[in-house]
Amino acid sequence: MSEPLLRVRELKTHFPVRGGLLGRVRGTVKAVDGVSLDVRRGETLGLVGESGCGKSTLGRTLLRLVEPTAGSIRFEDRELTGLSQRELRPLRRRMQLVFQDPQASLNPRMTVREILGEPFAIHGLARGAEREAKVVELLELMGLPRDALGRQPHEFSGGQRQRIGIARAIALRPDLVVADEPISALDVSIQAQIVNLLVDLQRELGLTYVFISHDLKIVEYVSTRVAVMYLGRIVELADAEALYRQPRHPYTQALLSAVPVPDPERTRTRIILQGDVPSPLEPPPGCTFHPRCAHATERCRREAPPLYPVGEGHTAACFLVEEEARRVAAGVAVAEAPKAAGGE
Ligand code: SF4
């Protein structure tokens, strides 16, 4: 297997919380708390979890748009964490972000010509007629009309604005695109168009995506592999097919139980998650999912489970799979792993 494009190890992004008149540090929000994963070239790694689980912070930390507190991010053979903003600059064109809200991410005073020409200007890559030709080419790739060039973002629909945002992100033909909830601000009727555009662009330009979303149906459609996040950590990671067919972590099982199954012959028992995600300011001890987990034991309240390997490229951070992981490690064939609670 080829080297991953991005290799992340023990990544942490903590934010101090200040309070009082003197602005003293009162606590720490552990938005990302020890994440390790690889992003393979050409794949789409889906990143899912409820709001507040840290997935957006992780996405931004991967691009060094948010500074990590600790850990390692290797992009090909370069370690990103120690680089100055100046040293990062040539790499920036190879790693881009697609924002959730194109309205907020596009400068309302700039025309589309200026917005799409800006990446070429910043990196000194094309000027004059050559830049104009590249901007027109981008418009065509996005299915936007040529007369869009002289118009400003407010003159477009939400879907068209997101096309402009995507065009800007891919203008310099990046290797890695982090798409942070790229369709959640759009009307349902045009979400599929934008998703299909992203899929087509990936095929055409050989892009690698980290696709962040709380919509598990869309993530299943676009992803090669999926990582499930809870309170700043990865709790399950697997090929999309394996994860959706046989989720191992009770949190993944609960999330998937809420996804409608299109086949009327198949049913799924809904698992209702109690309460909200706890505050990352005061995460519960042991397994941070234990206050919401129907299977929690005394051990879960004391000890944090590691990510256990339960199959080819499939890991889950839950004591319930510990025995199975031992058999997998010993090379003993697992006849049929226990069916997930809430599975089909
Ligand atoms: Fe539930 Fe315990 Fe597994 Fe955590 S380790 S998910 S509390 S069973």
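Scroll up for the structure.
Residues numbered from 1 in each chain as written. Predicted model: local features only at pLDDT ≥ 70, side-chain atom pairs only at ≥ 80, totals over all residues. Heavy atoms only, no water.

A. Up close: the overall build of the protein chain. Scanning the protein chain for helices and strands turns up 12 helices and 12 strands. For the protein chain, the spread of C-alpha atoms along the principal axes amounts to about 65 × 60 × 40 Å. Across the 344 residues that make up the protein chain, the buried fraction comes to 49%. The long-range share in the protein chain, meaning contacts at least 24 apart out of those at least 6 apart in sequence, stands at 63%. Roughly 16,900 Å² of accessible area belongs to the protein chain as shown, and the carbon and sulfur atoms make up 50% of that amount. When the 46 basic and 43 acidic side-chain charges of the protein chain are each reduced to a single mean position, those positions are 5 Å apart. (Helix = DSSP H or I, 4+ residues; strand = E, 2+ residues; numbered from the N terminus. Buried < 20%, exposed > 50% of the residue type's maximum accessible area, 1.4 Å probe, protein only. Contact = heavy atoms within 4.5 Å. Areas by Shrake-Rupley, 256 points an atom, 1.4 Å probe, with all protein chains shown as cover. Lys, Arg positive; Asp, Glu negative; His and termini not counted. Charge placed at Lys NZ, Arg CZ, Asp CG, Glu CD.)

B. The side chain of S223, seen in detail. Summarising the element assignment, S223 is placed in the loop between α8 (216-222) and β9 (225-230). Of the polar contacts made by the side chain of S223, one reaches the backbone oxygen of V219; its length is 2.7 Å. Every residue in contact with S223, bar those within four places of it in the chain, is listed here: T44, L45, G46 and A240. (Polar contact = N/O pair within 3.5 Å; in protein donor to acceptor, adjacent residues only side chain to side chain.)

C. Here's a closer look at helix α12 (residues 322-329). Along α12, the residues classified as buried are E322, E324 and A325. The buried residues of α12 all sit within an arc of 160° when viewed along its axis, so they share a single face. Next to the buried residues of α12 lie α11 (298-302) and β11 (308-311). Downstream of α12 by a residue or two, G331 has a phi angle that is positive, lying close to 80°. (Arc of directions from axis to C-beta.)

D. Quick peek at the packing of helix α4 (residues 112-122) against helix α5 (residues 128-142). For the pair α4 and α5, interaxial distance at closest approach is 9 Å and the crossing angle is 115°. Where α4 crosses over α5, the handedness of that crossing is right-handed. Of the residues in α5, those touching α4 at V112, R113, L116, G117, F120 and A121 are R131, E132, K134, V135, L138 and L139. Looking at the contact of α4 with α5 residue by residue, the class counts come to seven nonpolar, one polar and four charged. (Axes fitted to C-alpha atoms, helices over the stretch in contact; angles between N-to-C directions. Left-handed = near helix turned anticlockwise from the far one by under 90°. Nonpolar A, V, L, I, M, F, W, Y, C, P; charged D, E, K, R; others polar.)

E. Up close: the packing of aromatic side chains. Applying the stated rule across the entire model yields three aromatic pairs. The interplanar angle of 85° and the centroid separation of 5.1 Å between the aromatic rings of Y230 and F289 together place this pair among those described as edge-to-face. Placement of the pair is Y230 in strand β9 and F289 in the loop between α10 (250-257) and α11, with a sequence separation of 59 residues. Of the two residues, Y230 and F289, neither departs from the other in class, the shared state being buried. Joined through ring pairs, the aromatic side chains of Y230, Y251 and F289 make up one cluster. Positioned above the aromatic ring of F319, the side-chain terminus of R299 is 3.8 Å from the ring centre. (Phe/Tyr/Trp six-rings, centres within 6.5 Å; stacked < 30°, edge-to-face > 60°. Lys NZ or Arg CZ within 6 Å of the ring centre and 35° of its normal.)

F. Representation of the sheet that holds β9 in the model. Within the open sheet, the eight strands sit side by side as β6-β7-β8-β3-β9-β10-β12-β11. Their pairing is mixed. The open sheet has two edge strands, β6 (95-98) and β11, and neither has a second partner. If you compare each strand with its neighbour and ignore which way they point, the axes differ by 20° on average. Examined bridge by bridge, strand β7 (residues 176-180) and strand β8 (residues 208-212) share five bridges and lie parallel to one another. Residue pairing across strands places A179 opposite F211, the latter belonging to β8. Running over the sheet, α10 touches β9 and β10 (233-239) and is turned about 105° from β9. (Pairing = 2+ DSSP bridges.)

G. Inspection of the site of the ligand at higher detail. If you check the shell around the ligand, you find 13 residues, and the closest are C287, C293, C300, C318 and F319. Here the shell around the ligand is composed, by residue class, of 10 nonpolar, three polar and no charged. (Near = heavy atom within 4 Å.)

H. Representation of the sheet that holds strand β5 (residues 78-79). Spatial ordering of the open sheet is given by β2-β1-β4-β5, a layout of four strands whose pairing is antiparallel. Two strands close off the open sheet at either side, each with one partner strand: β2 (24-39) and β5. Relative to β5, strand β4 (residues 70-75) runs antiparallel, the two being bridged by two bridges. Within the sheet, the bridge partner assigned to F75 lies in β5 and is R78. Each of β1 (6-19), β2 and β4 is contacted by helix α1 (residues 55-62), which is oriented at about 115° to β1, the strand it contacts most.

I. Highlighting the nonpolar core. Counting 69 residues, the largest nonpolar core has L116, M142, I164, I166, L201, V226 and V228 as the members making the most contacts within it. Excluding residues that lie within four positions of it along the chain, V226 makes contacts with L45, G46, V48, V219, E236, L237, A238, A240, L243 and Y244. In this structure, L45, L47, M95 and L97 belong to the second largest nonpolar core, which totals 30 residues. (Core = buried A, V, L, I, M, F, W, Y, C linked by side-chain atoms within 4.5 Å.)

J. Summary view of the pattern of salt bridges. A complete count under the given rule lists 25 salt bridges for this structure. Two residues, D147 and R151, come together in a salt bridge whose shortest N-O distance is 3.0 Å. Residue class for D147 comes out exposed when judged on its relative accessible area of 53%. A relative accessible area of 22% places R151 in the partly exposed class. Close ionic contact of E322 with R326 constitutes a salt bridge, the shortest N to O distance being 3.6 Å. Here the residue E322 and the residue R326 both occupy positions in helix α12, the gap between them amounting to four residues, near one helical turn. (Salt bridge = Lys/Arg side-chain N within 4 Å of Asp/Glu carboxyl O.)

On their own, these measurements won't tell you what the molecule is for.
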